[in-house]
Amino acid sequence: MPMKRIAYLLWLLSFSFCVQAAQYEVVKLWDNHPTHKEKRPELRIFQPADSLRNGTCILICPGGSYHHLGLTNEGSEVAETFTKWGVTAVVLRYRVAMRGNHHPAMIEDFQRAMQLLRENADKYKIDPDKIGCIGFSAGGHLVTMGGAFSAHNYLADRGVKTSVSLKPTFVAPIYPVVSMQDSIAHLKSRDNLLGKNWTRKMADAFSMEKVIPNDMPPVFLLACKDDDVVDYRNSVVLSEALIMKGVPTRYLLFEKGGHGFGAIRTRSEETHNWCAMLREWLGEIGFFKK
């Protein structure tokens, strides 16, 4: 058999293996709901092996400046890391500005995801009291909103009824967008979230360092000083706000690491083991064994 033919078959075999390894269930967020017509928002549910399953579930919000979504490096690759820990990992494909969406579309999708996961906890073999969230870059802003704004039921505004809590049980913003203030804001994320006609009042309302509630869930926060996309001072002001409110927090600020590395594409010695640090913290706050 010609070498090119052999190489092609080997590539095809490896590709098929990767596809099989990355299998997930798709759940459309708004199917058959009259207030939403867009079909793209969905949950991608990655299940762990039954022998590893511990009942914990994590909702993953990729970044992309609220314009697009990094569904691989900040989505499926993160999910596969969590499933190895026995966690049911759910990637949220939420609405973004690239398709003409602004607030409240993103938080609506987040709360809808929390609703569907809690209402179907038995189906997905998860503990409804152990559903947390992790978000990267703009997704870090979204999960922080998810924790801070849980008292406001955005679903009810759309006529969606539910009796379950929409509040995540832990929040992990990773190199997150936090502030909408001119001095440190990620300008593209601000425009994409709030629209180009945003007001100062809107900027203040969505600067997360200004709106952390007393009942904010525990937070794992990570940033790198050499981040050349989102000013690391976003995480500094968020950590200060969390401390002021007495929120249980693990804050990691690295000298080097950059931005957009997700779970496995780390580029520095400091960030190489950040997932292990997150796993240890989750063990300390009772989500699974250390």
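Conventions and cut-offs
- Residues numbered from 1 in each chain as written.
- Predicted model: local features only at pLDDT ≥ 70, side-chain atom pairs only at ≥ 80, totals over all residues.
- Heavy atoms only, no water.
- Core = buried A, V, L, I, M, F, W, Y, C linked by side-chain atoms within 4.5 Å.
- Buried < 20%, exposed > 50% of the residue type's maximum accessible area, 1.4 Å probe, protein only.
- Helix = DSSP H or I, 4+ residues; strand = E, 2+ residues; numbered from the N terminus.
- Patch = residues over 30% accessible without salt bridge, like charges linked within 9 Å, V, L, I, M, F, W, Y side chains within 5 Å.
- Areas by Shrake-Rupley, 256 points an atom, 1.4 Å probe, with all protein chains shown as cover.
- Salt bridge = Lys/Arg side-chain N within 4 Å of Asp/Glu carboxyl O.
- Lys, Arg positive; Asp, Glu negative; His and termini not counted.
- Charge placed at Lys NZ, Arg CZ, Asp CG, Glu CD.
- Contact = heavy atoms within 4.5 Å.
- Pairing = 2+ DSSP bridges.
- Axes fitted to C-alpha atoms, helices over the stretch in contact; angles between N-to-C directions.

1. Section: the nonpolar core
So, point 1. With 86 residues, the main nonpolar core has Leu 43, Leu 59, Phe 82, Phe 110, Ile 134 and Trp 274 as its most contacted residues.
So, point 2. Considering every element that reaches this core, the biggest residue donor is helix α3 (residues 105-119), with eight residues.

2. Some words on a negative patch on the surface
So, point 1. A contiguous patch of negative charge on the surface is contributed by Asp 226, Asp 228, Glu 269 and Glu 270.
So, point 2. When you line up the elements, Glu 270 lands in the loop between β8 (249-254) and α10 (274-284).

3. Describing helix α5 (residues 138-148)
So, point 1. With 11 of 11 residues buried, α5 lies mostly within the body of the structure.
So, point 2. Every buried residue of α5 is listed here: Ala 138, Gly 139, Gly 140, His 141, Leu 142, Val 143, Thr 144, Met 145, Gly 146, Gly 147 and Ala 148.
So, point 3. Of the surrounding secondary structure, the elements contacted by the buried residues of α5 are β3 (57-61), α3, β5 (131-136), β6 (171-174), α7 (187-194) and α9 (233-244).

4. Thoughts on the sheet that holds strand β7 (residues 219-224)
So, point 1. Strand order across the open sheet formed by eight strands is β1-β2-β4-β3-β5-β6-β7-β8, with mixed pairing between neighbours. The sheet is open, and its two edges are formed by β1 (25-28) and β8, each paired on a single side. Neighbour-to-neighbour, the strand axes of the sheet open up by a mean angle of 15°, direction not taken into account.
So, point 2. When β1 meets strand β2 (residues 42-46), the two strands line up antiparallel, connected through four bridges. Pairing of Val 26 across the sheet is with Arg 44, part of β2.

Just geometry here; none of it tells us what the structure is for.
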